[in-house]
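# Per-entry structural report
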Amino acid sequence: MKLLVAAHASELVAFEDDIPGFERVLTGVGKIPAAYALTRALCGGTYDEIVVVGTAGAIDDELEGGIYDIAAAIQHDAKGLDGTFGEHVELPSRVETGVEGRIIATGDHFVDDAEAVRLIRGLGAQLVDMESYALIWVAQQFGIPIRVLRAVSDRAQDGATELWDVVVERCSHELRAEFRARYGV
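Structural notes, computed from the coordinates. All values derive from a computational prediction rather than experimental measurement.

## Structural notes on the pattern of salt bridges
In total, this model carries 12 salt bridges according to the counting rule given. With a closest N to O distance of 3.7 Å, lysine 2 and glutamate 49 form a salt bridge. Linking lysine 2 in strand 1 (residues 2–6) with glutamate 49 in strand 3 (residues 49–58), this pair joins segments that are 47 residues apart in sequence. Judged by its relative accessible area of 14%, glutamate 49 falls in the buried class. With a closest N to O distance of 2.8 Å, aspartate 69 and arginine 182 form a salt bridge. With aspartate 69 in strand 4 (residues 67–75) and arginine 182 in helix 4 (residues 160–183), this pair connects stretches of sequence that are 113 residues apart. Residue class for aspartate 69 comes out buried when judged on its relative accessible area of 15%. Of the residues examined, arginine 182 reaches a relative accessible area of 33% and is grouped as partly exposed.

What follows is the structure, encoded as structure tokens:
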């Protein structure tokens, strides 16, 4: 059995309620709800793989729309004891999925301004979201493989919050098509 994970119900609008071989969990938005919901799911079931689907903002000018595998995640809303941006007091600065792909920066606020994008680009990320770091970290604690698929919903610039509401359904359909192609269901 595999576990299909998304943060927001609108990211799953194109997905059927029952997909053979998959159970699903809707985590809620942000790192803490994501970590909590995934931990509860993993404590209650046995899974061969976690498959995360959802949206992300592109902060790399080279990235266009589309679906991207996430290779690693960092946190853009953490600072170490020495004040180093992108570091956490105790957690690793980077968590990896073990697949080829892009680097995503996770934080508990919606990135939608040019200055924040500039700072986050400096950490080496190409995409931003609000859950990937937490989900990958939890999967690692349980020793379960995780694949994170993110559809670009916006450019993480001024107005991105309003744009997300408009494009999330399109992103869900793109994710469903990619999911079907990869998993055959």
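From this point, the narrative continues.
## Quick look at the environment of aspartate 154
Tracing the sequence through the fold places aspartate 154 in strand 8 (residues 146–154). Under the relative-accessibility criterion, aspartate 154 is labelled buried at 5%. With 153 residues separating them along the chain, aspartate 154 and methionine 1 place their C-alpha atoms 32 Å apart.

## Here's the deal with the packing of helix 1 (residues 31–44) against helix 3 (residues 132–142)
Look at helix 1 against helix 3: their axes get within 8 Å of each other, and the N-to-C directions meet at 30°. With respect to helix 3, the element helix 1 is oriented roughly parallel. At the point where helix 1 passes helix 3, the crossing takes the right-handed sense. Contact with helix 1, carried on its side by Lys31, Ala34, Ala35, Leu38, Thr39, Leu42 and Cys43, involves Ala134, Leu135, Val138, Ala139 and Phe142 of helix 3 and no other residues of that element. For the contact of helix 1 with helix 3, the class distribution of residues is 10 nonpolar, one polar and one charged.

## Regarding the packing of aromatic side chains
Applying the stated criterion across every chain yields a total of four aromatic pairs. Ring geometry for phenylalanine 179 against tyrosine 183: centres 5.2 Å apart, planes inclined by 35°, an arrangement best described as tilted. Placement of both phenylalanine 179 and tyrosine 183 in helix 4 is noted, with a separation of four residues, approximately one turn of the helix.

## What about the pairing of strand 1?
In terms of burial, strand 1 is largely enclosed, as four of its five residues are buried. Across five bridges, the pairing between strand 1 and strand 2 (residues 22–26) is parallel. Counterpart to lysine 2 in the pairing with strand 2 is phenylalanine 22.

## Some points on helix 1
Under the 1.5 Å per step criterion, the end-to-end length of helix 1 is 20 Å for 14 residues, consistent within 8% with the ideal 20 Å. Every buried residue of helix 1 is listed here: Lys31, Ala34, Ala37, Leu38, Ala41 and Leu42. Across the axial projection of helix 1, the buried residues extend over an arc of 145°, all falling on one side. Across helix 1 from its buried face, at more than 90 degrees, point the exposed residues Ile32, Tyr36, Arg40, Cys43 and Gly44. Those residues of helix 1 that are buried are in contact with strand 1, strand 2, strand 3, strand 4, strand 6 (102–106) and helix 3.

## Things to note about the nonpolar core
By size, the foremost hydrophobic cluster in this structure holds 30 residues, and its most contacted members are Leu3, Val5, Leu38, Leu42, Ile50, Leu127 and Ile146. At the level of secondary structure, the elements contributing two or more residues to this core comprise strand 1, helix 1, strand 3, strand 4, helix 3 and strand 8. Looking at this core element by element, the count peaks at six residues for helix 3. Once you skip the residues sitting within four places of it in the chain, isoleucine 146 turns out to touch Ile50, Val52, Thr97, Leu135, Ile136 and Ala139. Core analysis: the second largest hydrophobic core is formed by 14 residues, Leu4, Val51, Cys171 and Phe179 among them.

Conventions adopted
Residues numbered from 1 in each chain as written. Predicted model: local features only at pLDDT ≥ 70, side-chain atom pairs only at ≥ 80, totals over all residues. Heavy atoms only, no water. Salt bridge = Lys/Arg side-chain N within 4 Å of Asp/Glu carboxyl O. Helix = DSSP H or I, 4+ residues; strand = E, 2+ residues; numbered from the N terminus. Buried < 20%, exposed > 50% of the residue type's maximum accessible area, 1.4 Å probe, protein only. Axes fitted to C-alpha atoms, helices over the stretch in contact; angles between N-to-C directions. Parallel < 35°, antiparallel > 145°, perpendicular 65-115°, else oblique. Left-handed = near helix turned anticlockwise from the far one by under 90°. Contact = heavy atoms within 4.5 Å. Nonpolar A, V, L, I, M, F, W, Y, C, P; charged D, E, K, R; others polar. Phe/Tyr/Trp six-rings, centres within 6.5 Å; stacked < 30°, edge-to-face > 60°. Pairing = 2+ DSSP bridges. Expected span 1.5 Å × (residues − 1). Arc of directions from axis to C-beta. Core = buried A, V, L, I, M, F, W, Y, C linked by side-chain atoms within 4.5 Å.

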